[in-house]
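In case you want the letters, here they are:
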Amino acid sequence: MASVPVPRLTPPARTMLRDTVYESIRQMLMDHVLEPGARLSIDGLARELRVSPTPVREAMTKLESDGLVAKRPHAGYVVAPLMDQVSLDNLVEIRLLLEPAAARRAAGNATEAQITEMRALVETMTAYPAGENYEHYRDFAVQDARLHRLIAEASGNPLIADALTRLHAHTHSYRRYFTVGIAAETTREHDQIVSSIAAHNADAAEAAMIRHITASRDRQREAY
Ligand SMILES: [Zn+2]
């Protein structure tokens, strides 16, 4: 059958601008260039980024759902405070309820395609270049979140994946804390989880996920 070339769609300039503005502000928030608690002026940010206020306003809505900015009555947007130790511990507690169960279920339910994608992600994360600001670790953080989301999806219970997404756990912990050198340890832990899922070993997958989440909590505590 002759194939008809599909015309490539280029995104409209407006969408690109909106995404660029969102990424720029997100980077300033992750790197604490915009300090936790600070008031954000939409007009000021627009001037600084040399854009109109509209894409900045759109970015704020998205950043609010990411948990990075908050809307205050009469004050507009402020930079969300960093999570303190108690909040981070609460986050870990919820993750320990959701994710080991998800890994256990994924060992029974994951498709070959999902397992291939999990393996590819673990592989990509080993080739991670070291760096201390968000621009350098952004890809690692995004891939980490994607792997956990994929495992939750492979559980077969979409509510687990939704609940995990809404926690924005990776955004909060990477914003609070990132140290060069965690990549190798994290990758080893991820490899154990994914290998257990691939081997359809539910007990091992659950145990490996518990080890990974508690180990990353302990690494985070050491940084305090
Ligand atoms: Zn992880």
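Being a predicted model, the structure only gives us computed values, none of them experimental.

Coordination of the zinc ion by the protein comes from Asp144 (OD), His148 (NE2), His190 (NE2) and His212 (NE2), over a distance range of 2.1 to 2.3 Å. Its four donor atoms give the zinc ion angles of 88 to 167° at the centre, a pattern that matches the irregular case. Taken in sequence order, the residues that donate to the zinc ion follow the motif D-x3-H-x41-H-x21-H. Residue His148 is located in helix α6 (residues 134-154), and its partner His212 is located in helix α10 (residues 202-222); the two are separated by 64 residues in the primary sequence. Since its relative accessible area comes to 1%, His148 is described here as buried.

Backbone phi values are negative for most residues with the exception of glycine, while trans is the configuration of most peptide bonds. The phi dihedral of Arg50 is positive, around 55°, even though this residue is not glycine. A positive phi angle, close to 50°, is found at His168, a residue other than glycine. Relative to the elements of secondary structure, His168 occurs in the loop between α7 (158-167) and α8 (169-176).

Our next topic: the layout of surface pockets. Considering only enclosed or pocket space, the largest pocket measures out at about 410 Å³ in volume. Taken together, 17 residues make up the lining of the largest pocket; nearest its centre are Ala145, Thr165, His168, His170 and Thr171. Taken together, the elements giving at least two residues each to the lining of the largest pocket come down to α1 (13-30), α6, α7 and α8. The dominant element in the lining of the largest pocket, judged by the number of residues it contributes, is α6, at seven residues. Its residues assigned to classes, the lining of the largest pocket shows eight nonpolar, five polar and four charged. Of the residues that make up the lining of the largest pocket, three or more belong to each of domain 1 (13-79) and domain 2 (85-221).

Considering the arrangement of structural elements, one finds Gln143 in helix α6. With relative accessibility at 16%, the residue Gln143 sits in the buried group. Not counting the four nearest positions on each side in its chain, Gln143 is found in contact with Leu121, Thr124 and Met125.

Strand order in this open sheet of three strands is β1-β3-β2, and the pairing throughout is antiparallel. Bordering the open sheet on either side are β1 (39-40) and β2 (69-72), each of which pairs with just one other strand.

Basis of the calculations
Residues numbered from 1 in each chain as written. Predicted model: local features only at pLDDT ≥ 70, side-chain atom pairs only at ≥ 80, totals over all residues. Heavy atoms only, no water. Donors = N, O, S within 2.8 Å, 3.2 Å for Na, K, Ca; no water. Tetrahedral: all angles 85-135°; square planar, octahedral: opposite > 155°, others 65-115°. Helix = DSSP H or I, 4+ residues; strand = E, 2+ residues; numbered from the N terminus. Buried < 20%, exposed > 50% of the residue type's maximum accessible area, 1.4 Å probe, protein only. 1 Å grid on protein atoms, 1.4 Å probe; cavity = no way out; pocket = protein on both sides within 12 Å on 5 of 7 lines; lining within 4 Å. Points joined across faces, edges and corners; volume = space filled by probe spheres on them. Nonpolar A, V, L, I, M, F, W, Y, C, P; charged D, E, K, R; others polar. Domains from an automatic or database assignment. Contact = heavy atoms within 4.5 Å. Pairing = 2+ DSSP bridges.

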